Amino acid sequence: MSEIRSELKYLPSHEWARVEEDGTVTIGITDHAQSSLGDVVYVETPEVGASVSAGEEAGVVESVKAASDIYSPVSGEVIAINDALEDEPEQVNSSPFDDGWFFKVKPSDLSELDDALDADGYQAAIEADE
Amino acid sequence: MGHKTPLYQSHIDAGGKMVDFGGWDMPINYGSQIEEHHKVRHSAGMFDVSHMTVVDVTGADARAYLRALLANDVAKLDGKPGKALYSGMLNEKGGVIDDLIVYNLESGYRVVVNCATRDKDLAWMEKQAAGFDISLTEQASLAMIAIQGPEAIERTKQAATPAQAAVIDALAVFTGQPTDEWFIGRTGYTGEDGLEIMLPGDQAPAFWQALLASGVAPCGLGARDTLRLEAGMNLYGHEMDETTLPLAANMGWTIAWEPADRDFIGRAALASARTAGTDKLVGLVLKERGVLRAGQTVVIPGCDQAGVITSGTFSPTLGYSIAMARVPAAAGSDATVEVRNKQLPVSIVKPNFVRHGQSLI
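Residues numbered from 1 in each chain as written. Chains lettered and ligands numbered in written order. Predicted model: local features only at pLDDT ≥ 70, side-chain atom pairs only at ≥ 80, totals over all residues. Heavy atoms only, no water.

**A few points about the environment of Arg340 of chain B**
- Within the element layout of this structure, Arg340 of chain B appears in the loop between β18 (334-339) and β19 (342-349).
- For the pair formed by Arg340 of chain B and Pro6 of chain B, sequence separation is 334 residues and the distance between their alpha carbons is 42 Å.
- Non-local contacts of Arg340 of chain B, meaning those with residues more than four positions away in its chain, are made with Glu44, Val60, Glu62 and Ala67 of chain A.
- A distance of 3.0 Å separates the side chain of Arg340 of chain B from the side chain of Glu62 of chain A, its partner in a polar contact. (Helix = DSSP H or I, 4+ residues; strand = E, 2+ residues; numbered from the N terminus. Contact = heavy atoms within 4.5 Å. Polar contact = N/O pair within 3.5 Å; in protein donor to acceptor, adjacent residues only side chain to side chain.)

Structure below.
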């Protein structure tokens, strides 16, 4: 059974978003996503300073099995990327919601996340897939 | 739900993640494909390959039949009981219907073909049997376990009976021997030493358990694919199919041209293609970040015709991506591959990347 955290927002394409206390948004892929992809070997994130748009492609995660696009749940400016994934992409598998985060965004419109799924909605989306 | 091998419950018990593979429910991994891959390179891993199809060929004309059916020549096995031979089974146009292993048994021959091609293989073998005094007997009740890696033989002997261990000790590479209802072959699909053991399905779960107890790691189809790719071994449906000549699939060495009067199926078509020249199957190495995948286009400098990747993956042993690709004969040592709108430079090498745990790059 995959872990789903109640405090996060989700996209049906299996990204999660966490609104931090300072109003920034951290983005990664879910436990369900890492489990489906298998061993992650490369992560391509946007560069710091780049702008991303809600629902648009912002990077790629490659596992041994397949490549998968990453979509940003919010629009805004990328203010940090997880450099550790360059040497240890396996953190996406071992800690998808914590050490395996991909990038942080300073959102231009946080209300975009109102359209994202909550934990129950995401759980339902996964079950509908299976 | 697909077919289940006798080891289905063993996979579930070991945490196997089951997927459909050619109509069979098979484990893709038991957690981490990369860890399973490393187990085989450094220690010992085992694969359930019971889905593969085993057909025994017996009868007075068995040898003559197989000499007509296969591009390689079973006459090479004469006087060598237990010896194995790898061959393509071709159609009249020289295309590969399947690749297979044939063992010389005292009672005839044992042929092991792919599961996804089972129905068409059996139909073809039946059709070509006309005029030959032979019987084809599928051994559907057999399970098959492949134990692979530098410690595979020692650990398997610990799990086996003394009589079975004695058979294993006497096995030369690429030979097999029956012992009671078992057939033990020193063959594999990983580039490591190891065994492939056929045994009655009802005995398979207990033997699997004994192998687990002697420290052999269960490995899924995911690791099987990365291991065979590193070893430069073809996968049917990727490196070759019915429209591919063995000459264009790095299988030229499996065509026995001599004796010249052996008229195997596909010979005439292959002989013309050999004169005219064919594409070739090569290895690709990508040292930059990125993963080569099947279907990507290979651009050869100075050549109008492009090539295509037949299999690609991240290589767990090498730490970068490798692939096999079919390219024009004129290709040299460099090419580029388009990965997500970027042209990445790759080196062209022999399709053989890792053997016995060591990099060949």
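From this point, the discussion proceeds with the structure in view.
**Overview of the environment of Ser35 of chain A**
- Among the secondary structure elements, Ser35 of chain A is positioned in helix α1 (residues 31-37).
- For the pair Ser35 of chain A and Ser75 of chain A, spaced 40 residues apart in sequence, the C-alpha to C-alpha distance is 27 Å.

**Looking at the layout of surface pockets**
Residue and element names in this part refer to chain B.
- In this structure, the second largest pocket spans a volume of roughly 320 Å³.
- Around the second largest pocket, the lining is made up of 21 residues, and of these Trp24, His51, Thr53, Arg118 and Glu138 lie nearest the centre.
- Of all the secondary-structure elements, those providing two or more residues to the lining of the second largest pocket are β4 (53-58) and α4 (118-128).
- When grouped by side-chain class, the residues that make up the lining of the second largest pocket number eight nonpolar, nine polar and four charged. (1 Å grid on protein atoms, 1.4 Å probe; cavity = no way out; pocket = protein on both sides within 12 Å on 5 of 7 lines; lining within 4 Å. Points joined across faces, edges and corners; volume = space filled by probe spheres on them. Nonpolar A, V, L, I, M, F, W, Y, C, P; charged D, E, K, R; others polar.)

**Here we look at the sheet that holds strand β3 (residues 25-29) of chain A**
Residues and elements named next belong to chain A.
- Spatially, six strands are ordered β1-β2-β3-β9-β8-β5 in an open sheet, and the strand pairing comes out antiparallel. Because the sheet does not close on itself, it has two edges, and the strands there are β1 (9-10) and β5 (51-52).
- Across two bridges, the pairing between β1 and strand β2 (residues 15-19) is antiparallel. Within β2, the position partnered with Tyr10 by the bridge is Trp16. (Pairing = 2+ DSSP bridges.)

**Describing a negative patch on the surface**
- Judged by side-chain charge, Asp83, Glu86, Asp87, Glu88, Glu90 and Asp99 of chain A come together as a negatively charged surface patch.
- On the secondary structure map, Glu90 of chain A appears in the loop between α2 (84-87) and α3 (91-94). (Patch = residues over 30% accessible without salt bridge, like charges linked within 9 Å, V, L, I, M, F, W, Y side chains within 5 Å. Areas by Shrake-Rupley, 256 points an atom, 1.4 Å probe, with all protein chains shown as cover. Salt bridge = Lys/Arg side-chain N within 4 Å of Asp/Glu carboxyl O. Lys, Arg positive; Asp, Glu negative; His and termini not counted. Charge placed at Lys NZ, Arg CZ, Asp CG, Glu CD.)

**Here we look at the nonpolar core**
Residue and element names in this part refer to chain B.
- Formed by 32 residues in total, the largest nonpolar core has its most connected members in Phe47, Tyr103, Val112, Met144, Met198, Met240 and Leu270.
- Among the elements of the structure, β5 (84-90), β6 (96-105), β9 (142-148), α8 (221-230) and α9 (267-276) are those that each provide at least two residues to this core.
- For this core, the element with the most residues is β6, which contributes four residues.
- Contact partners of Met198, with chain neighbours within four places excluded, come to Val54, Tyr103, Arg110, Val112, Leu142, Ala143, Met144, Glu181, Trp182 and Phe183. (Core = buried A, V, L, I, M, F, W, Y, C linked by side-chain atoms within 4.5 Å. Buried < 20%, exposed > 50% of the residue type's maximum accessible area, 1.4 Å probe, protein only.)

**Here we look at the interface of chain B and chain A**
- Contact residues are listed per partner, giving 16 residues for chain B and 15 residues for chain A.
- Overall, the association of chain B and chain A removes approximately 1,400 Å² of surface from exposure, summing both partners, and the carbon and sulfur fraction of that is 44%.
- Summed over the three residues of chain B that lose the most area to chain A, namely Arg289, Arg293 and Arg340 of chain B, the buried surface amounts to 47% of that side.
- Taken together, chain B and chain A are joined by three salt bridges.
- Its salt-bridge partner being Arg340 of chain B, residue Glu44 of chain A comes within 3.1 Å of it at the nearest N-O pair.
- Listing elements by their share of the side of chain B that touches chain A, those giving two or more residues are α2 (33-42) and β16 (307-315) of chain B.
- Each residue belonging to the side of chain B that touches chain A can be placed in one class, and the counts come to four nonpolar, six polar and six charged. (Buried area = accessible area lost by both parts, 1.4 Å probe.)

**Some words on the packing of α2 of chain B against α8 of chain B**
Residue and element names in this part refer to chain B.
- Interaxial distance between α2 and α8 falls to 8 Å at its minimum, and their mutual angle equals 50°. Considering the angle they form, α2 stands oblique to α8. In terms of crossing hand, the pair formed by α2 and α8 is right-handed. Here Gln33, Glu36, His37, Val40 and Arg41 of α2 lie close against α8, whose contacting residues are Gly222, Ala223, Thr226, Leu227 and Glu230.
- Here the contact of α2 with α8 is composed, by residue class, of three nonpolar, four polar and three charged. (Axes fitted to C-alpha atoms, helices over the stretch in contact; angles between N-to-C directions. Parallel < 35°, antiparallel > 145°, perpendicular 65-115°, else oblique. Left-handed = near helix turned anticlockwise from the far one by under 90°.)

**Here's the deal with the packing of aromatic side chains**
- Scanning all chains against the criterion turns up seven aromatic pairs over all chains.
- An angle of 90° between the planes, with centres 5.9 Å apart, marks the rings of Tyr42 of chain A and Phe314 of chain B as edge-to-face. Of this pair, Tyr42 of chain A sits in strand β4 (residues 40-44) while Phe314 of chain B sits in strand β16, which puts the two residues in different chains. For the residue pair Tyr42 of chain A and Phe314 of chain B, the accessibility class agrees, reading buried in each case. (Phe/Tyr/Trp six-rings, centres within 6.5 Å; stacked < 30°, edge-to-face > 60°.)

**Re the pairing of strand β9 (residues 103-107) of chain A**
Residues and elements named next belong to chain A.
- Residue alternation in β9 divides its side chains into a buried set, Phe103, Val105 and Pro107, and an unburied set, Lys104 and Lys106.
- Two strands pair when backbone bridges link them, and β3 and β9 are joined in this way by three bridges, in the antiparallel orientation. Pairing of Ile27 across the sheet is with Phe103, part of β9.

**Structural notes on the domain arrangement of chain B**
Residues and elements named next belong to chain B.
- On domain assignment, one finds that chain B holds domain 1 (8-47 + 140-230) and domain 2 (279-359).
- Computed from C-alpha atoms alone, the centre-to-centre distance between domain 1 and domain 2 is 30 Å.
- Each partner contributes residues to the interface: domain 1 has eleven residues there, and domain 2 has 17 residues.
- Taken over both partners, the interface formed by domain 1 and domain 2 buries close to 1,100 Å², and the fraction arising from carbon and sulfur atoms is 61%.
- On inspection of domain 1 and its partner domain 2, the count reaches zero salt bridges.
- At the junction of domain 1 and domain 2, the tally comes to nine residue pairs in polar contact (both at pLDDT 80 or more).
- Of all the elements in the fold, those that place two or more residues in the side of domain 1 that touches domain 2 are α2 and α8.
- A breakdown of the residues in the side of domain 1 that touches domain 2 according to their chemical character gives two nonpolar, four polar and five charged. (Domains from an automatic or database assignment.)

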